[in-house]
Amino acid sequence: MERFSMLIFVLLVACICRTLEFCVEISPYSGSIMGGTEFVILNATFNNTSNLVCRFHGNTVTEGYVDGDRRGHCVSPLLYRTGLVSVEISSDNGTTFSRTGTWLSVHTGKLDSKFKAAMVNSTQWQYYGTPDVGGTLNMTWNPSLVRADKVNIELWGYRETGEPYETDWRAEWKYLYTLAKDHPNTGSFSFVPKPGQNGSSSWELGSVRVSSNVHQEGKSHVQAVWTEDHALAWQLEEKFRQNSSAWALDKCLAWDKLEEKILSFIRELIDCPCTLAQARADTGRFHTDYGCDIEKGSVCTYHPGAVHCVRAIQASPLYGAGQQCCYDSNGTQVLTGDSIGGSTPDRAHDWGSPPYDIPPHVPGQSHWVYDVLSFYYCCLWSDNCQYYFKHRPSSDCRQYKTPSTAVVFGDPHFVTFDGVSYSFNGRGEYNLVTSESMRLRVQGRTEPVSGTINATKLTAVAMKESYFDIVEVRLASDQNSLEVLRDGKSLSFSEQSWIDLNGVSVFSPSPTNVTAMFRSGAGVEVRLREGIMTTTVLLPESFKNTTLGLLGRMNGDPADDLTLNNGQVVQNQSNPEEVFSFGVSCAITQLSSLFTYDTKYLLDTYASGPKHHVGFIPVFSIPENPNDPLAKETSKICSGEGSQFCRYDILVGRSPSMGNASRASFQSHISLMKALAPVAACGYVAAPANGEKLGVSYVQGAKLTFSCNDGYTLQGSQDRVCQENGQWSGEMAQCVGPSNNTGIIAGSVIGGIVLILIITMAVLYCKRQSRYDNVTLSSSTQRTGDTALQQRL
């Protein structure tokens with residue numbers, strides 16, 4: 001009853017928000033972290049005399065205005081965080097804030113290019129002043145993004161001050177100077193850059209802003225469009241232009257000394273997946289790096305030779321560091337020991353991390369300061385990558401463990417983490433996965449396929465980890481798309497495909513594709529095929545021996561996967577009635593429900609009703625009727641492994657499209673399992689000094705071949721193979737030079753001669769000493785005899 005009362009209260013609050021305008025929607029609802037996006041406040045009207053201001057995240061205020069239709073407008077500010085940010089709206093110049101909404105702040109790398117000013121030939125901008133790079137720089141933008149006839153074009157710089165990891169560590173964006181004032185808003189600008197004046201050339205990272213000329217130069221939080229943040233080579237001091245390599249080396253050496261002094265973060269990071277297939281399949285822990293995406297042509301500026309990179313989604317817990325893993329066209333991880341394009345860890349995660357606002361957690365910019373500018377110093381503006389890779393060595397995959405995966409699809413059918421396949425056609429709301437120790441809950445709702453068929457399908461999945469946001473994915477009213485809710489409120493992905501929430505990130509590149517990624521590394525994928533939801537759950541090894549629910553115990557033992565809530569294990573997993581009893585025991589309770597009940601149907605059927613509908617008795621077995629009009633089509637569609645699921649959905653669910661979707665979902669699961677198959681890794685092996693190594697793969701079956709330069713001899717194994725036990729065959733290869741061989745032989749010969757001489761001299765000495773002793777003894781005896789004789793006489 002308490003739960004039901006709370007649900008009614010939620011609905012009432014929603015009604016109040018809609019009618020009294022306390023809660024508002026805004027359009028557009030998202031924009032760059034750099035700010036400058038003007039939005040309209042929907043479902044609210046204002047007086048023409050209202051002094052409108054908007055407050056973001058409780059502390060950053062921007063000015064607004066009321067248009068002729070009494071609609072309110074505000075501008076998003078420059079922020080130091082991404083994700084959903086609270087927006088409070090005041091119509092009395094900040095005295096009271098009576099309306100509230102949310103704003104989505106987006107990382108510049110994830111923002112659609114149409115919302116940014118473009119640096120034409122960005123390489124020229126970021127190498128300007130290096131040998132053979134100069135001339136005129138050009139930029140373009142969409143004039144409609146700045147409501148003005150004339151604009152100011154300004155340079156803003158970013159830096160971080162204070163001691164790293166100390167309380168005085170601060171992030172700062174600052175206006176530096178104006179490149180052009182009162183420039184026509186034509187959408188293009190060209191200039192020949194000069195070194196910055198009055199100390200501004202010391203700023204090495206920044207962005208160019210285009211804003212209305214009606215504002216004072218350098219005024220914050222005004223409508224504007226920005227370029228991406230970039231290395232400011234084009235305005236660095238004259239010394240850089242005179243000898244960019246020497247200038248960059250000095251910077252590289254200074255960075256090297258800093259890295260030696262500050263805390264190491266490497267041990268905090270998780271290992272990279274061993275293969276590209278694993279990296280793309282482990283969606284709970286890794287996501288495509290937007291700077292090197294195989295789906296977008298593999299333009300890998302900072303990782304030449306790679307075709308795809310991924311980033312660990314979560315920053316490391318203590319230092320906010322990030323992991324980046326890159327792969328070549330063979331699916332092999334690229335390591336910095338072999339290539340400048342190798343995988344590199346990051347002191348600051350590119351996408352930022354809570355608590356944001358302060359280094360090294362500022363999205364994008366902290367990463368630039370500590371990981372990207374240094375790459376320019378040591379690798380791009382000079383040829384001294386050895387310093388960079390000393391502090392940013394690739395993580396190989398020896399400690400990487402693939403996640404376990406389970407799936408629910410079709411009518412519905414289940415494949416547990418340990419590989420048990422079964423069907424459960426109960427109607428209600430059930431625990432798919434619960435892990436008390438990891439504080440994760442994933443729940444599913446099933447509804448009848450139709451009013452006359454005794455079979456069900458999955459229509460909603462709700463999930464929550466720890467005390468963080470609840471994410472629910474459900475069939476939209478059109479039955480052809482998915483709706484995503486955060487704590488009961490619908491989220492829109494019409495402008496952005498990625499939204500960072502509290503403790504969970506949600507990625508939805510299309511209306512039929514949603515992935516939720518949790519702090520623990522758990523991932524939940526929801527896909528819609530032919531109007532049927534498929535849900536895949538991926539759990540890292542930390543969940544082992546902790547899970548219960550319809551997707552089973554994740555412990556490698558399929559025998560105990562179907563365990564009732566009383567601890568009893570289903571003995572005959574092929575018995576539909578026993579399996580059904582197991583499913584019923586996984587029903588959630590009123591108090592544990594994570595679902596949103598925002599319609600009369602949901603309130604009547606699920607919120608106030610039983611969580612498992614005991615009156616709904618499904619069909620347990622597939623009818624075998626050769627005269628069934630769907631029998632021939634069933635045989636055509638359903639074949640091979642998993643065909644029983646496809647046949648059930650057609651012959652019981654009476655839907656060939658559902659059967660086809662089940663077949664495709666099952667095959668996708670098989671493909672996912674293959675991609676996530678564990679791979680033994682033996683670890684990186686360097687080429688021997690004065691020699692070469694052929695081979696850059698370090699996983700099971702990989703072969704390395706070693707050779708030596710002219711004049712050197714190979715000692716150890718010429719070929720080494722990575723074995724199943726994670727150890728290399730053979731012995732370490734070394735190249736020994738001719739001077740070393742001669743020295744060793746000469747040393748041995750001389751040592752032998754010296755030893756023989758010493759022994760010979762010792763023997764001679766002993767013989768000589770023996771003769772001397774004998775002569776002395778004889779003389780002594782003679783003298784003694786003479787004395788005795790004299791005495792007798």
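Up top is the structure these notes are about.
What you see is a predicted model, and the numbers here were worked out from it, not measured in a lab. (Residues numbered from 1 in each chain as written. Predicted model: local features only at pLDDT ≥ 70, side-chain atom pairs only at ≥ 80, totals over all residues. Heavy atoms only, no water.)

Trainee: Which parts of the structure should I look at to understand the overall build of the protein?
Mentor: Of regular secondary structure, the protein possesses 13 helices and 41 strands. For a compact globule of 793 residues, the expected C-alpha radius of gyration is about 28 Å, and the protein comes in at 36 Å, more than 25% above that figure. The dimensions of the protein, computed from C-alpha atoms along their principal axes, are 155 × 80 × 55 Å. When each of the 793 residues of the protein is scored for burial, the buried share is 51%. Accessible surface, the protein: about 36300 Å² in total, of which carbon and sulfur atoms supply 52%. If the 64 positive side-chain charges of the protein are averaged to one point and the 78 negative ones to another, these points end up 3 Å apart. (Helix = DSSP H or I, 4+ residues; strand = E, 2+ residues; numbered from the N terminus. Rg over C-alpha atoms; globule rule 2.2 N^0.38 Å. Buried < 20%, exposed > 50% of the residue type's maximum accessible area, 1.4 Å probe, protein only. Areas by Shrake-Rupley, 256 points an atom, 1.4 Å probe, with all protein chains shown as cover. Lys, Arg positive; Asp, Glu negative; His and termini not counted. Charge placed at Lys NZ, Arg CZ, Asp CG, Glu CD.)

Trainee: What's the story with the packing of helix H11 (residues 643–651) against helix H12 (residues 656–675) in this structure? I'm lost.
Mentor: To characterise two packed helices, one gives the angle between the axes of the helices and the distance between these axes. Closest axis-to-axis distance for the H11/H12 pair is 7 Å, and the angle between their directions is 165 degrees. Put simply, H11 runs roughly antiparallel to H12. The way H11 lies across H12 gives a crossing that is right-handed. Only Pro 656, Met 658, Gly 659, Ser 662, Arg 663 and Phe 666 of H12 make contact with H11, whose side of the interface consists of Phe 645, Cys 646, Asp 649 and Ile 650. Considered class by class, the residues forming the contact of H11 with H12 number six nonpolar, two polar and two charged. (Axes fitted to C-alpha atoms, helices over the stretch in contact; angles between N-to-C directions. Parallel < 35°, antiparallel > 145°, perpendicular 65-115°, else oblique. Left-handed = near helix turned anticlockwise from the far one by under 90°. Contact = heavy atoms within 4.5 Å. Nonpolar A, V, L, I, M, F, W, Y, C, P; charged D, E, K, R; others polar.)

Trainee: Any chance you could explain the pairing of strand S26 (residues 440–450) here in plain terms?
Mentor: Each regular strand carries side chains that alternate between the two faces of the sheet. Judged from the seven bridges that link them, strand S25 (residues 428–435) and S26 form a sheet pairing that is antiparallel. The partner of Ser 435 across the bridge, within S26, is Leu 440. Inspection of the sheet shows S26 paired to strand S27 (residues 453–465) by 10 bridges, in the antiparallel sense. Directly across from Glu 447, in S27, lies its bridge partner Lys 457. Between the end of S26 and the start of S27, which pair antiparallel, lie two residues. (Pairing = 2+ DSSP bridges.)

Trainee: It is not clear to me how the sheet that holds strand S10 (residues 118–120) should be interpreted in this structure. Could you clarify?
Mentor: Adjacent strands of a sheet form backbone hydrogen bonds with each other and so pair up, either parallel or antiparallel. Spatially, three strands are ordered S10-S11-S14 in an open sheet, and the strand pairing comes out antiparallel. On the outer flanks of this sheet lie S10 and strand S14 (188–191), each paired with one strand and no other. Between one strand and the next, the sheet's axes are offset by a mean angle of 25 degrees, whatever the strand orientation. Where strand S11 (residues 137–140) meets S14, four bridges bridge the pair, whose relative direction is antiparallel. The residue bridging Asn 138 from the neighbouring strand is Ser 190, located in S14.

Trainee: Would you mind showing me how to read helix H4 (residues 244–261) here?
Mentor: Side chains of residues three or four places apart in an α-helix project in the same direction, reflecting 3.6 residues per turn. The end-to-end C-alpha distance of H4, which contains 18 residues, comes to 26 Å, matching closely the 26 Å that a straight helix rising 1.5 Å per residue would cover. Taken together, the buried positions of H4 are Ser 244, Trp 247, Ala 248, Cys 252, Trp 255, Asp 256 and Glu 259. In this fold, the buried residues of H4 make contact with helix H3 (238–242), helix H6 (365–380) and helix H7 (385–391). (Expected span 1.5 Å × (residues − 1).)

Trainee: Where do I start with the pattern of salt bridges in this structure?
Mentor: Between side chains of opposite charge, pairing is possible as soon as their charged atoms come close. Per the counting criterion, the structure on display carries 32 salt bridges. Note that Arg 398 and Asp 396 form a salt bridge whose closest N and O atoms lie 3.0 Å from each other. Ionic pairing is found between Asp 598 and Arg 474, a salt bridge with its closest N-O pair at 2.9 Å. Here Asp 598 is found in the loop between helix H8 (576–585) and helix H9 (600–607), whereas its partner Arg 474 is found in strand S28 (residues 471–475), with 124 residues between them in sequence. What makes Arg 474 buried here is its relative accessible area of 11%. Salt bridges sharing partners connect three or more residues here, namely Glu 259, Arg 347, Asp 371 and Arg 392. (Salt bridge = Lys/Arg side-chain N within 4 Å of Asp/Glu carboxyl O.)

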